[in-house]
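# A look at the structure
Below are the chains, spelled out letter by letter.
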Amino acid sequence: MKVFLDLGWFFKQEKKSYIVGVFLLLLVALLQLVPPKIIGVIADDINEGTLTFGLLVEWMFVLIAVGLAMYVLRYYWRIMIFGSAVKLSKILRKRLYHHFTNMSPAFYQKSRIGDLMAHATNDLSAIQQTAGSGILTLVDSLSTGGFVIIAMAFTISWKLTLICLIPMPFMALLTSWFGTMLHRSFYKAQEAFSSLNDKTQESIMGIKVIKTFGQEQEDIEDFRKQSEDVVQKNMLVAKIDSLYDPTISIIVGISFFLAIVFGGRYVLNDELTIGQLISFTTYLGLLVWPMLAFGWLFNIVERGRASYDRVSALLRENVEIIDLENALEVVPCGDIEYRLVEFTYPGESRPILKDIYFSLSRGETLGIVGKTGSGKTTLLKLLIREFEGYQGEILFGGKRLADYKLDNLREAVGYVPQDHFLFSADIAQNIAFSNPNATMEQIEQAARLANIHEDILQFTDGYHTIVGERGVSLSGGQKQRISIARALLMNPEVLILDDSLSAVDAKTEEAILSSLKQNREGKTTIITSHRLSAIQHANQILVLEEGRIIERGTHKDLMEADGWYKNMYLHQQLEELVELGGQ
Ligand code: ADP
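Described below are features of the structure shown in this document. Each chain has its residues counted from 1, following the order in which its sequence is written. Given that the model is predicted, a residue must reach a pLDDT of at least 70 before its local features are reported, and side-chain atom pairs must reach 80 or more before they are shown or counted; all residues, however, enter totals for whole chains, interfaces and linings. To obtain the side-chain values, all non-hydrogen atoms of the structure were used and water was disregarded.

For the purposes of this section, nonpolar cores are sets of buried Ala, Val, Leu, Ile, Met, Phe, Trp, Tyr and Cys residues that join through side-chain atoms within 4.5 Å. A simple rule labels every residue: compare its accessible area, found with a 1.4 Å probe on the protein chains alone, to the largest value its type can have, and call it buried under 20%, exposed over 50%, or partly exposed in between. Counting residues in each nonpolar core, the largest one holds 42 residues, and the members touching the most others are Ile431, Ile443, Tyr463, Leu488, Leu497 and Tyr565. For this core, the secondary-structure elements that each account for two or more residues are α15 (427-431), α16 (440-449), α18 (476-490), β7 (494-498), α19 (506-519), β9 (540-545), α20 (555-561) and α21 (564-582). Runs of H or I in DSSP of at least four residues are treated as helices and runs of E of at least two as strands, each being numbered from the N terminus. The biggest single contributor to this core is α18, with six residues. In this analysis, two residues are considered to be in contact whenever any of their non-hydrogen atoms come within 4.5 Å of each other. If we skip the residues at most four places from it in the chain, Tyr565 touches Val369, Leu532, Ile535, Gln536, Ile541, Val543, Glu551, His555, Leu558 and Met559. In terms of nonpolar packing, the next biggest core, distinct from the first, is built from 34 residues, Ile336, Leu366, Ile384 and Val413 among them.

Here it is as structure tokens:
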């Protein structure tokens with residue numbers, strides 16, 4: 001029950017609703033006692049022949065009034081208690097979402113997206129249930145249960161009450177036990193269903209590869225097995241569920257059986273009137289729900305406790321990259337200088353970058369080349385503070401990156417990654433993502449610069465064409481160019497193109513680069529590319545190998561140096577010639 005204490009902050013915040021809700025719940029519990037009593041009295045009156053029509057009408061009005069009052073009270077306690085519980089999941093969801101947006105890529109690297117989604121959905125709903133149904137079952141099972149037992153024992157017969165209560169604890173225990181079993185098997189069935197879902201999605205996405213390698217039969221067999229697994233696990237859920245109702249019915253039946261057998265004897269012995277026995281059995285019926293609720297309470301609380309612990313642990317995870325207390329509130333500009341001794345990814349042992357020393361004057365273009373895995377992207381990610389914890393320092397406008405507010409730093413740097421992401425919105429919205437207030441003119445201007453304007457006009461809805469999930473309806477090159485347009489619209493102090501032209505042809509690349517050159521006068525640009533022609537006009541080129549700078553200089557310097565760059569350049573030129581010749 002500790003989870004109720006943990007949620008104390010929330011109950012305090014929603015004190016009014018909970019107090020009113022619980023009070024109404026108690027009133028309902030008391031009112032519930034009235035109808036069985038009246039029915040008993042009427043039965044006795046009939047038995048003794050004292051019932052008149054007028055009396056019956058009076059009792060009828062009392063019953064209707066009690067019924068109406070319970071109707072209204074039940075409505076309001078639900079609003080008070082369940083309504084507040086919804087607020088709790090809203091508060092927690094907001095906190096989680098805020099926390100997620102503050103976490104660094106290192107966090108997303110170690111957490112699985114599916115798990116995070118589960119925390120944000122299933123766990124929150126379990127906590128909401130604790131604050132809603134948990135409180136309801138706690139108060140209701142104690143109050144209704146307590147009141148009914150008191151009414152039975154003190155106004156009818158304490159002996160009969162004790163006898164009929166014997167099976168009740170078993171009912172609470174069994175409900176709790178079945179609940180746990182049911183939850184476990186349901187969870188397993190859900191898991192099996194999600195993996196079937198993953199499997200289906202993967203097969204459909206990868207159908208071409210499956211067909212190319214002739215793996216259809218294996219894939220179908222695999223699917224059949226997983227599908228069978230889902231059926232089996234759901235059957236188990238159905239079996240446990242099917243056992244639950246009959247078992248509970250038997251226990252309730254035993255209680256009623258005891259009531260009739262012993263109660264009947266008391267009536268025959270004149271210890272009870274027939275009306276009292278009728279009231280008693282009706283009260284017994286009222287006890288069933290609180291006992292069931294008591295059993296459920298354990299499950300609800302157990303689940304809520306586990307979910308609350310998981311969500312709290314997640315919220316306690318430190319935001320690794322935070323603003324310094326006295327961080328500057330200016331958008332950085334000026335020269336960039338790397339004095340990086342060493343950088344190792346969190347949790348890794350091998351350094352990825354070593355001895356990276358270079359400076360880049362404002363307005364210059366820097367080209368970074370090197371084999372895949374040589375550390376180019378890592379070097380750039382440090383500039384936007386996606387990762388920290390390196391030895392040495394990186395200066396921007398003469399100050400360390402951490403001296404600026406993160407928002408300001410990111411405002412100054414437009415980063416176009418290799419793996420572009422387009423949202424399910426129209427093209428104009430996708431381009432204007434960095435600046436939602438941009439005018440259509442500005443959006444078109446950015447699209448022209450990124451050489452995508454003409455393509456966009458070809459689409460049926462032009463700029464208002466909706467881009468599907470992850471932009472499926474566009475070619476790789478088109479997606480890349482939209483991502484570039486998005487960065488250009490920001491018109492950032494530093495533009496980083498991280499291999500972001502890999503899917504466009506050499507000619508388009510050249511066109512984009514030359515329009516960039518004209519438009520980014522006085523602003524810094526950093527380009528990494530596999531195609532050396534893309535960076536040959538850069539003011540400075542760095543060649544990376546295994547995280548170190550092995551060559552540096554202008555294109556001319558490097559061609560004279562006769563190293564990796566020159567070899568690669570000649571190799572690529574030859575390739576291009578062969579390609580042209582082949583056409
Ligand atoms: P490049 O951009 O030159 O292809 P990267 O900077 O992407 O190279 O990668 C350099 C090395 O760092 C690779 O060996 C890669 O496996 C490793 N690496 C990249 N990102 C991470 C990460 N988030 N965590 C651990 N290692 C990483």
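So, next bit.
Patches draw on residues past 30% relative accessible area with no salt bridge. Two like charges within 9 Å are joined, as are two nonpolar side chains (Val, Leu, Ile, Met, Phe, Trp, Tyr) within 5 Å. We get accessible surface area from the Shrake-Rupley algorithm with a probe of 1.4 Å; when it comes to residues, only the shown protein chains can shield them. Any Lys or Arg side-chain nitrogen found within 4 Å of a carboxyl oxygen on Asp or Glu counts as a salt bridge. Two residue types count as positive, namely Lys and Arg, and two as negative, namely Asp and Glu; His and chain ends fall outside the count. To locate a charge, take NZ of a lysine, CZ of an arginine, CG of an aspartate or CD of a glutamate. On the surface, a cluster of negative charge is made up of Asp323, Glu329, Asp407 and Glu411. Tracing the chain through its elements places Glu329 in the loop between α12 (274-316) and β1 (336-343). For Glu329, a relative accessible area of 64% gives the class exposed.

Evaluation of the coordinates by the stated rule reveals 24 salt bridges. The partner of Glu337 in a salt bridge is Arg339, and the shortest N-O contact between them spans 3.3 Å. You can call Glu337 partly exposed: its relative accessible area is 29%. One salt bridge connects Glu342 with Lys354, and the closest N-O pair in it is separated by 2.8 Å. Of the two residues, Glu342 sits in strand β1 while Lys354 sits in strand β2 (residues 353-360), which places them 12 residues apart along the sequence. The exposure class assigned to Glu342 is partly exposed, which follows from its relative accessible area of 22%. Accessibility expressed as a relative area gives 25% for Lys354, which makes it partly exposed.

Moving on, we get to the sheet that holds β1. What makes two strands pair is DSSP finding at least two bridges between them. Pairing in this open sheet of four strands is antiparallel, and the strands run β2-β1-β4-β5 from one edge to the other. Every interior strand has two partners, whereas the edge strands, β2 and β5 (399-400), have only one. As paired elements, β1 and strand β4 (residues 391-396) share six bridges and run antiparallel to each other. The residue of β4 that forms the bridge with Ile336 is Phe396. Axis lines are fitted to C-alpha atoms, over the contacting stretch for helices. Their N-to-C directions set the angle, which ranges from 0 to 180 degrees. Against the sheet, helix α13 (residues 376-383) engages β1, β2 and β4, with an angle of about 115° to β1.

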